[in-house]
Amino acid sequence: MLRQYETVFIMTPVLSEDQMKETVKKYQDILKEKGAEIILNDNWGLRKLAYPIQKKSNGFYHLIEYKAEGEIISGLELALKRDERIIRFLTVAMDKHAIAYNEKKRRKAEQEKEKEKEVKN
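Summary of the structure given here. (Residues numbered from 1 in each chain as written. Predicted model: local features only at pLDDT ≥ 70, side-chain atom pairs only at ≥ 80, totals over all residues. Heavy atoms only, no water.)

A few words now on the nonpolar core. Considering soluble globular proteins, one finds that nonpolar side chains tend to be buried as a cluster. Core analysis: the largest hydrophobic core is formed by 20 residues, its most contacted members being Phe9, Met11, Tyr27, Leu31, Tyr66 and Leu76. Listing elements by their share of this core, those giving two or more residues are strand 1 (3-11), helix 1 (17-33), strand 3 (56-68) and helix 2 (72-82). If we skip the residues at most four places from it in the chain, Tyr27 touches Phe9, Leu76, Ala79, Leu80, Asp83 and Ile86. The next biggest cluster of nonpolar side chains, apart from the first, holds 7 residues, and it includes Ile53, Tyr61, Leu63 and Ile87. (Core = buried A, V, L, I, M, F, W, Y, C linked by side-chain atoms within 4.5 Å. Buried < 20%, exposed > 50% of the residue type's maximum accessible area, 1.4 Å probe, protein only. Helix = DSSP H or I, 4+ residues; strand = E, 2+ residues; numbered from the N terminus. Contact = heavy atoms within 4.5 Å.)

This is how it looks when you write it as structure tokens:
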């Protein structure tokens, strides 16, 4: 049965822009290979950590929202654990309320973009 998940991971701040994009692409490819449907890919950028991790106080945050079989989560998390570029990660299975909230948030963001386009024209 397909369920909807969110995985947020924090990459080390010493990565270049290209290395960061390459890391994100690696995990997107892992998900796609295993049959996941990626719904949202959101780069949150460089943020300050709540507490130092591996003597680092900042990290690049990235969120991937996707639909997948539950069995692929363990493989994804194993790959994240083995990658030295990843400081921390968290995968959450979303319930119907979280899914509805995210869809509403995306629709609102799209409407705001459309309004900005209308103002420019």
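One ladder, built from 11 bridges, connects strand 2 (residues 37-53) with strand 3; its direction is antiparallel. Pairing of Arg47 across the sheet is with Gly59, part of strand 3. Count of turn residues in the strand 2/strand 3 antiparallel hairpin: 2 residues, of which Gln54 carries a positive phi of about 50°. (Pairing = 2+ DSSP bridges.)

Our next topic: the packing of aromatic side chains. The tally for this structure, following the rule as stated, stands at 3 aromatic pairs. Look at Tyr5 and Tyr66: their rings are 5.9 Å apart centre to centre, the planes differ by 25°, and that puts the pair in the stacked class. Separated by 61 residues along the polypeptide, Tyr5 in strand 1 and Tyr66 in strand 3 bring together distant segments of the chain. Residues Tyr5 and Tyr66 agree in their burial class; the two are buried. (Phe/Tyr/Trp six-rings, centres within 6.5 Å; stacked < 30°, edge-to-face > 60°.)

This next bit is on the sheet that holds strand 1. If you walk across this open sheet you meet the 4 strands as 2-3-1-4, and the pairing is antiparallel. Two strands bound the open sheet, and with one partner strand each, they are strand 2 and strand 4 (86-93). Between one strand axis and the next, the sheet turns by 20° as a mean value, whatever way the strands run. Both strand 1 and strand 3 contribute to a ladder of 9 bridges, which runs antiparallel. (Axes fitted to C-alpha atoms, helices over the stretch in contact; angles between N-to-C directions.)

Before going further, it helps to spend a moment on the side chain of His62. Looking at where His62 falls in the secondary structure, it is placed in strand 3. At a separation of 2.5 Å, a polar atom in the side chain of His62 contacts the side chain of Asn41. Those residues in contact with His62, other than ones at most four positions away along the chain, are Thr7, Val8, Phe9, Met11, Val24, Asn41, Asp42 and Asn43. (Polar contact = N/O pair within 3.5 Å; in protein donor to acceptor, adjacent residues only side chain to side chain.)

In this structure, the largest pocket occupies an estimated 260 Å³ of space. If you trace the largest pocket, you find 14 residues lining it, with Leu40, Asp42, Asn102, Lys105 and Arg106 closest to the centre. Looking at the lining of the largest pocket, the elements that each hand over two or more residues are strand 2, strand 3 and helix 3 (96-120). By residue number, the principal contributor to the lining of the largest pocket is helix 3, which donates 7 residues. For the lining of the largest pocket, a count of residues per class yields 7 nonpolar, 1 polar and 6 charged. (1 Å grid on protein atoms, 1.4 Å probe; cavity = no way out; pocket = protein on both sides within 12 Å on 5 of 7 lines; lining within 4 Å. Points joined across faces, edges and corners; volume = space filled by probe spheres on them. Nonpolar A, V, L, I, M, F, W, Y, C, P; charged D, E, K, R; others polar.)

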